[in-house]
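Residues per chain, in single letters:
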Amino acid sequence: MEILRTIEEMKAWSRKVREDGQTLGLVPTMGYLHEGHLSLARKSISACDRTVVSIFVNPQQFGPDEDLDNYPRALETDQRTLEPLGVDALFLPTADDMYPEGFQTYVHVEEITEKLCGKSRRELFRGVTTIVLKLFNIVQPHSAFFGEKDRQQLEVIRKMADDLNLDIEIVGLPIIREADGLAMSSRNQYLGETERKTATSLHEALQQAQQLVAQGESSAATIRARMRTIIEREGQAEVDYISVCDPNRFEELKVIRGKAMIALAVHVGKARLIDNCLIERI
Ligand code: PAF
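Residues numbered from 1 in each chain as written. Predicted model: local features only at pLDDT ≥ 70, side-chain atom pairs only at ≥ 80, totals over all residues. Heavy atoms only, no water.

Enquirer: Before we go on, may I ask you to explain the sheet that holds strand β9 (residues 271-281) in this structure?
Expert: Backbone hydrogen bonds are what pair the strands of a sheet, in a parallel or an antiparallel way. A sheet is described by the order of its strands in space; here three strands give the open sequence β7-β8-β9, paired in antiparallel fashion. One side of each edge strand has no neighbouring strand; the edge strands of this open sheet are β7 (237-245) and β9. Put simply, the sheet's adjacent strands are angled 10° from each other on average, direction ignored. Its contacts with the sheet put helix α9 (residues 201-214) on β8 (258-268) and β9, and the angle it makes with β9 is roughly 15°. (Pairing = 2+ DSSP bridges. Helix = DSSP H or I, 4+ residues; strand = E, 2+ residues; numbered from the N terminus. Axes fitted to C-alpha atoms, helices over the stretch in contact; angles between N-to-C directions. Contact = heavy atoms within 4.5 Å.)

Enquirer: Quick question: what am I supposed to make of the nonpolar core here?
Expert: Nonpolar side chains in soluble globular proteins tend to be buried together. Val52, Phe91, Met98 and Phe136 are the most contacted members of the largest nonpolar core, which has 44 residues in total. Listed by contribution, the elements that provide at least two residues to this core are α1 (7-19), β2 (24-29), β4 (89-91), α6 (124-139), β5 (143-147), α7 (151-163), β7 and β8. Considering each element in turn, this core owes the most residues, ten residues, to α6. Counting residues in hydrophobic clusters, the runner-up holds 33 residues, among them Ala205, Met227, Leu264 and Val266. (Core = buried A, V, L, I, M, F, W, Y, C linked by side-chain atoms within 4.5 Å. Buried < 20%, exposed > 50% of the residue type's maximum accessible area, 1.4 Å probe, protein only.)

Enquirer: What is the right way to look at the packing of α9 against helix α10 (residues 220-232) in this model?
Expert: For any two helices packed against each other, one specifies the inter-axial angle together with the distance between the axes. Where α9 contacts α10, the axes come no closer than 9 Å and their chain directions differ by 150°. Classified by the angle their axes make, α9 and α10 are roughly antiparallel. Two packed elements cross with a definite hand, and for α9 against α10 that hand is right-handed. From α9, Ser201, Leu202, Glu204, Ala205, Leu206, Gln208, Ala209, Leu212 and Val213 reach across to α10, where they touch Ile223, Arg226, Met227, Ile230 and Ile231. Residues that form the contact of α9 with α10 fall into these classes: ten nonpolar, two polar and two charged. (Parallel < 35°, antiparallel > 145°, perpendicular 65-115°, else oblique. Left-handed = near helix turned anticlockwise from the far one by under 90°. Nonpolar A, V, L, I, M, F, W, Y, C, P; charged D, E, K, R; others polar.)

Enquirer: How should the site of the ligand be read in this particular structure?
Expert: The immediate surroundings of the ligand are formed by Pro28, Thr29, Met30, Asn58, Gln61, Val128, Ile131, Phe146 and Gln153. In the environment of the ligand, an oxygen atom lies 2.6 Å from a nitrogen or oxygen atom belonging to the side chain of Gln61. Within the side chain of Gln153, a nitrogen or oxygen atom sits 2.7 Å from an oxygen atom of the ligand. In the complex, the protein chains occlude 88% of the 290 Å² of accessible area that the ligand would expose alone. Of all the secondary structure elements, the ones that give two or more residues to the shell around the ligand are β2 and α6. (Near = heavy atom within 4 Å. Polar contact = N/O pair within 3.5 Å; in protein donor to acceptor, adjacent residues only side chain to side chain. Areas by Shrake-Rupley, 256 points an atom, 1.4 Å probe, with all protein chains shown as cover.)

Enquirer: Would you mind going over the state of the cysteines with me for this structure?
Expert: Scanning all chains against the criterion turns up zero disulfides. Here Cys117 is not disulfide-linked; the sulfur of Cys245 is the nearest cysteine sulfur, at 11 Å. Exposure remark for Cys117: the relative accessible area of 6% places this residue in the buried category. Cys277 takes part in no disulfide bond, and the closest cysteine sulfur to it belongs to Cys245, at a distance of 10 Å. By relative accessible area, which is 10% here, Cys277 ends up buried. (Disulfide = S-S within 2.5 Å.)

Enquirer: I tried to follow unusual backbone geometry on my own but got confused; where do I start?
Expert: Among all residues except glycine, the phi angle is most often negative; among peptide bonds, the trans geometry is most common. For Tyr32, which is not glycine, the phi dihedral falls at a positive 50°. If you trace the backbone, Tyr32 turns up in the loop between β2 and α2 (35-47). Of note, the phi angle at Leu116 is positive, near 45°, even though the residue is not glycine. Along the chain, the position of Leu116 falls in the loop between α4 (95-98) and α5 (117-120).

Enquirer: How should I be thinking about the layout of surface pockets in this particular structure?
Expert: Gaps left between atoms are located by rolling a probe of water-molecule size over the structure's atoms. The volume enclosed by the second largest pocket comes to roughly 170 Å³. Lining of the second largest pocket is provided by 13 residues; of these, Ile55, Phe56, Val57, Leu75 and Leu92 occupy positions nearest its centre. In the lining of the second largest pocket, the residues fall into nine nonpolar, one polar and three charged. (1 Å grid on protein atoms, 1.4 Å probe; cavity = no way out; pocket = protein on both sides within 12 Å on 5 of 7 lines; lining within 4 Å. Points joined across faces, edges and corners; volume = space filled by probe spheres on them.)

Here it is, written out as structure tokens:
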């Protein structure tokens, strides 16, 4: 696995791949890799001739009161984990290279970034779309792989790719869960022992919602209320949002007809956890 630290090295490497007529997959990450990330890398390796994983903790997607400084980092372990998978290159740019002095160009997707996570994390999506477009321009992949745990992020990136006519296939892959249902996330490591138990209530609430819909419940308010009861039962969890919404535009629904997304964000101790599922009521 080649370690590429500068934008020029990365561009030269990917230019060679394309000159050789090979397809290139990109897995953008912020590191502290878990099975969710590895499932993206494995998919890219099986779908594309060559795979690049990038690790960059992007300062532009953290608000001033968020966890940029404490965000977990484990570069050596990440490197050791990726090597045997068959990843061809690891791109490790620096913040100074990505955002040199005088940087002033940002990518902003409108309406869908104002909902859900965008309401409480104002900087998030502008930072994500800016860094992802920069990575796309530097790496020039044919396909890029993202997890569905961040389903709003995935849809925002799809919208950007569509609106800006990017010739890149955006691939979303299923959430990978721990044995007790907790969605894997680098931020899970903030959880203490009892918080870790509380955190499983997100998945429990989603399962309860799915069950209610399967039993014929169509009122979004009833589903949100039942989910809130499950989350707040623990006392340690603070709900940011519980949403039953249209899966593409993220408009809140009153009545579920056809496809919907159920999503939630919950603070448990220092961790802000998110989870979601898609449902269909026929
Ligand atoms: O999902 C993430 O880890 C990040 O938001 C991403 C897509 C790597 C951009 O920094």
